[in-house]
2 protein chains.
Amino acid sequence: MEKLSLIVDMDEVMADPITKLRAWYARDFGKTYTDEEIAGKHLAEVVPPAHAHLFHQYLNTPGFFRDLAVMKDAVEVMKCLHEKYHLFVVSAAMEFPNSLKDKYDWLQEHFPFIGWQQICLCGSKQIVSADIMIDDHSRNFHNGIRRKILFTSHHNVFEQAEERVNNWKEVAQKLLG
Amino acid sequence: MEKLSLIVDMDEVMADPITKLRAWYARDFGKTYTDEEIAGKHLAEVVPPAHAHLFHQYLNTPGFFRDLAVMKDAVEVMKCLHEKYHLFVVSAAMEFPNSLKDKYDWLQEHFPFIGWQQICLCGSKQIVSADIMIDDHSRNFHNGIRRKILFTSHHNVFEQAEERVNNWKEVAQKLLG
């Protein structure tokens, strides 16, 4: 049987930029936001309005994405998904051009079994299609995606989802069962 | 009426890497290949076998893609395509990770009207879909592409094509008529 195609998002799914963004904000302004304070919101919405633009600067700082923490169990589960599916990693990275090489190098370091053929760094995900997509942004679930799996992140906790996973163990249960 | 989506390739369509590759090869080995010598072939196939790997090195040299010549009439026609279509620039760049930022910067310089949302740097084009694709590699014309327009390049001159354009004036005739 032909393998199904599976698109997996990077930020807040494979990689954790939120811990680092909170740490950088705390470094600059002495305030660390709690999980409760950012639930259902984007970081730019919870800080004082005059600080909202800073996250764009943080995210476009060369090196920001290079040493992000890997999400728990992501490597082990991705290894198995790579065997079972036509696996692609698709990240909407183009808004932050300084992140491009960092993201590639980060994948090489932590997910060396993923070949360059399987990586896609785009602006909008509207032109990528697959049988299954795992993403923390429901805006990426367009008609070209058959099965839409929302990966829980602080900003989407109150959203309705057709299908939701809270962590990589649950991804394994759904897609490797 | 909803705009049609249009994917345009970069290398050998918007940008000219072949002139530079031939120049670098001539610089290193004193031999300049003519159009006749490379017709229907990839450069790596026409040089002595021991040199075939060099093109990969050239292409992954930081800066290689940064100052490529823009194909004649590409800017003017792309400006009009950008108005009429949902335009995306999709380049299979991931094999050459040092090219990623260079390609982004090159687009910003020569095609500043193309936003980051419209740029996609991928490994394989198998996951990108559109109503129309302009590409010099027919291998990128999969089932997710409705109308497949082959852009003539030295390596594809002897290929059969459903639809072919030889230059940007012909793109304009076909898509802006």
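Reading guide: rules and limits
- Throughout this document, residue positions are counted from 1 along each chain, in the order its sequence is written.
- The naming scheme follows written order: chains are lettered A onward, ligands numbered 1 onward.
- pLDDT decides what is reported in this predicted model: residues at 70 or higher carry local features, side-chain atom pairs at 80 or more are listed and counted, and totals for whole chains, interfaces and linings draw on all residues regardless.
- As a convention, hydrogens and water are excluded, and side-chain values are obtained from all of the structure's heavy atoms.
- Here a helix means four or more residues in a row that DSSP labels H or I, a strand means two or more in a row labelled E, and each is numbered from the N terminus.
- The classification of residues rests on relative accessible area computed with a 1.4 Å probe and restricted to protein chains. Under 20% of the type maximum is buried, over 50% is exposed, and intermediate values are partly exposed.
- Two residues form a contact once any of their heavy atoms are found within 4.5 Å.
- Under this definition, polar contacts are N or O atom pairs within 3.5 Å; protein pairs additionally need one hydrogen-donor-capable and one acceptor-capable atom, and for neighbouring residues in sequence, both atoms have to be side-chain atoms.
- A pair of strands is considered paired only if DSSP assigns at least 2 bridges between the two.
- Note on geometry: axes are C-alpha line fits, over the in-contact stretch for helices, and angles between N-to-C directions span 0 to 180 degrees.
- Any two of the Phe, Tyr and Trp rings considered here, Trp counted by its six-membered ring, make a pair once their centres fall within 6.5 Å; the pair's planes then place it as stacked at under 30 degrees, edge-to-face at over 60, or tilted in between.
- Here, a charge over a ring is recorded when the distance from Lys NZ or Arg CZ to the ring centre is within 6 Å and its angle to the ring normal is within 35 degrees.
- Residue ranges for the domains originate in an automatic or database domain assignment.
- Put simply, buried area is how much 1.4 Å-probe accessible surface two parts lose in total, over both of them, once they are put together.
- Residues were grouped as follows: Ala, Val, Leu, Ile, Met, Phe, Trp, Tyr, Cys and Pro as nonpolar; Asp, Glu, Lys and Arg as charged; and all remaining residues, including Gly, as polar.
- Residues below a pLDDT of 70 in either copy are left out; the C-alpha atoms of the rest, at least 70 in both, set the least-squares superposition of the copies.
- Oblique is the label for any angle not under 35 degrees, not over 145, and not in the 65 to 115 range, which are roughly parallel, roughly antiparallel and roughly perpendicular in turn.
- Helix crossings fall into two classes, left-handed where the near helix is turned counterclockwise from the far one by less than a right angle and right-handed where it is turned clockwise.
- By convention in these notes, a salt bridge is any Lys or Arg side-chain nitrogen within 4 Å of a carboxyl oxygen on Asp or Glu.

## Digging into the environment of B:S153
Residue and element names in this part refer to chain B.
So, point 1. By the secondary structure assignment, S153 is in the loop between β7 (145-151) and β8 (164-165).
So, point 2. Since its relative accessible area comes to 8%, S153 is described here as buried.
So, point 3. The spacing of S153 and N166 is 13 residues in sequence and 8.0 Å in space, taken between C-alpha atoms.
So, point 4. Discounting residues that sit within four places of it in the chain, S153 has contacts with E12 and D136.
So, point 5. There is a polar contact of 2.4 Å between the side chain of S153 and the side chain of E12.

## Quick word on the sheet that holds strand β6 (residues 130-135) of chain B
So, point 1. Read across the sheet, 12 strands follow the order β8(A)-β7(A)-β6(A)-β1(A)-β4(A)-β5(A)-β5(B)-β4(B)-β1(B)-β6(B)-β7(B)-β8(B) without closing on themselves; strand pairing throughout is mixed. Pairing within the sheet leaves two strands with one partner each, and these edge strands are β8 (164-165) of chain A together with β8 of chain B.
So, point 2. Sheet analysis places β7(B) next to β8(B), joined by 2 bridges and oriented parallel. Among the inter-strand pairings, B:F151 is bridged to a residue of β8(B), identified as B:V165.
So, point 3. With respect to the sheet, helix α5 (residues 74-84) of chain B is in contact with β1 (5-8) and β4 (86-92) of chain B, its orientation differing from that of β4(B) by roughly 125°.

## Describing the packing of aromatic side chains
So, point 1. Using the criterion set out here, one finds 20 aromatic pairs over all chains in the structure.
So, point 2. Relative to A:Y33, the ring of A:Y25 has its centre 5.7 Å away and its plane inclined at 55°; by these criteria the two rings are tilted.
So, point 3. We classify A:Y25 as buried; its relative accessible area is 3%.
So, point 4. Ring centres of B:F111 and B:F113 lie 6.0 Å apart, and the angle between their planes is 65°; on these two criteria the pair is classed as edge-to-face.
So, point 5. By relative accessible area, which is 0% here, B:F111 ends up buried.
So, point 6. Among the aromatic side chains, those forming a connected cluster through ring pairs are A:W24, A:Y25, A:F29, A:Y33, A:F55, A:Y58, A:F64 and A:F65.
So, point 7. Over the aromatic face of A:W24 sits the side chain of A:R27, whose NZ or CZ is 4.6 Å from the ring centroid.

## Quick notes on the domain arrangement of chain A
All names here are of chain A.
So, point 1. On domain assignment, one finds that chain A holds domain 1 (5-16 + 69-175) and domain 2 (17-59).
So, point 2. With centres defined by C-alpha atoms, the gap from domain 1 to domain 2 works out at 23 Å.
So, point 3. Contact with domain 1, which involves 11 residues of that partner, is made by 12 residues of domain 2.
So, point 4. Summed over both partners, the interface of domain 1 with domain 2 buries about 1,000 Å², with 65% contributed by carbon and sulfur atoms.
So, point 5. For domain 1, the biggest contributors to the area lost against domain 2 are D16, F96 and H154; these three give 59% of the whole.
So, point 6. Counting the contacts that link domain 1 with domain 2 gives 5 residue pairs in polar contact (both at pLDDT 80 or more).
So, point 7. Its residues placed into classes, the side of domain 1 that touches domain 2 shows 4 nonpolar, 3 polar and 4 charged.

## Description of the relation of the copies chain A and chain B
So, point 1. When chain A is fitted onto chain B, the two copies agree to an RMSD of 0.0 Å after a turn of 180° and an axial shift of 0.0 Å. Both copies of the chain, as the preceding transformation shows, are related through a two-fold rotation axis. Scanning chain A for the C-alpha nearest the rotation axis identifies A:V128, at a separation of 2.2 Å.
So, point 2. Interface overlap between copies: 100% of the residues of chain A at the interface are likewise at the interface in chain B, consistent with a symmetric, same-surface contact.

## Overview of the packing of α5(B) against helix α7 (residues 168-175) of chain B
Residues and elements named next belong to chain B.
So, point 1. It is the contact of α5 with α7, at a shortest axis distance of 9 Å, that shows an interaxial angle of 20°. Regarding the angle of α5 to α7, the classification is roughly parallel. Crossing handedness for the pair α5 and α7: left-handed. Counting all contacts with α5, which are made through A74, V77, M78, L81 and K84, the residues of α7 involved are W168, V171, A172 and L175.
So, point 2. Split into classes, the residues belonging to the contact of α5 with α7 amount to 8 nonpolar, no polar and 1 charged.

## Looking at the interface of chain A and chain B
Often, the extent of an interface is quoted as the loss of accessible area upon association of its parts.
So, point 1. The interface of chain A with chain B comprises 21 residues on the first partner and 21 residues on the second.
So, point 2. Three residues, A:M94, A:W116 and A:I127, lead the burial of chain A against chain B; their summed loss comes to 33% of the area buried on that side.
So, point 3. Applying the counting rule to chain A against chain B returns 0 salt bridges.
So, point 4. Inspection of the chain A/chain B interface yields 7 residue pairs in polar contact (both at pLDDT 80 or more).
So, point 5. Sorting the residues of the side of chain A that touches chain B by element identifies β4 (86-92), α6 (100-110) and β5 (119-122) of chain A as the ones contributing at least two each.
So, point 6. Looking at which element gives the most residues to the side of chain A that touches chain B, the answer is β5(A), with 4 residues.
So, point 7. Looking at the side of chain A that touches chain B residue by residue, the classes come out as 14 nonpolar, 5 polar and 2 charged.
So, point 8. As paired strands, β5(A) and strand β5 (residues 119-122) of chain B are joined by 3 bridges and run antiparallel to one another.

## Section: the pattern of salt bridges
Residue and element names in this part refer to chain B.
So, point 1. Counting across every chain of the model gives 28 salt bridges over all chains.
So, point 2. One salt bridge connects D9 with K125, and the closest N-O pair in it is separated by 2.9 Å. Placement of the pair is D9 in the loop between β1 and β2 (15-16) and K125 in the loop between β5 and β6, with a sequence separation of 116 residues. Each member of the pair, D9 as well as K125, is classed as buried.

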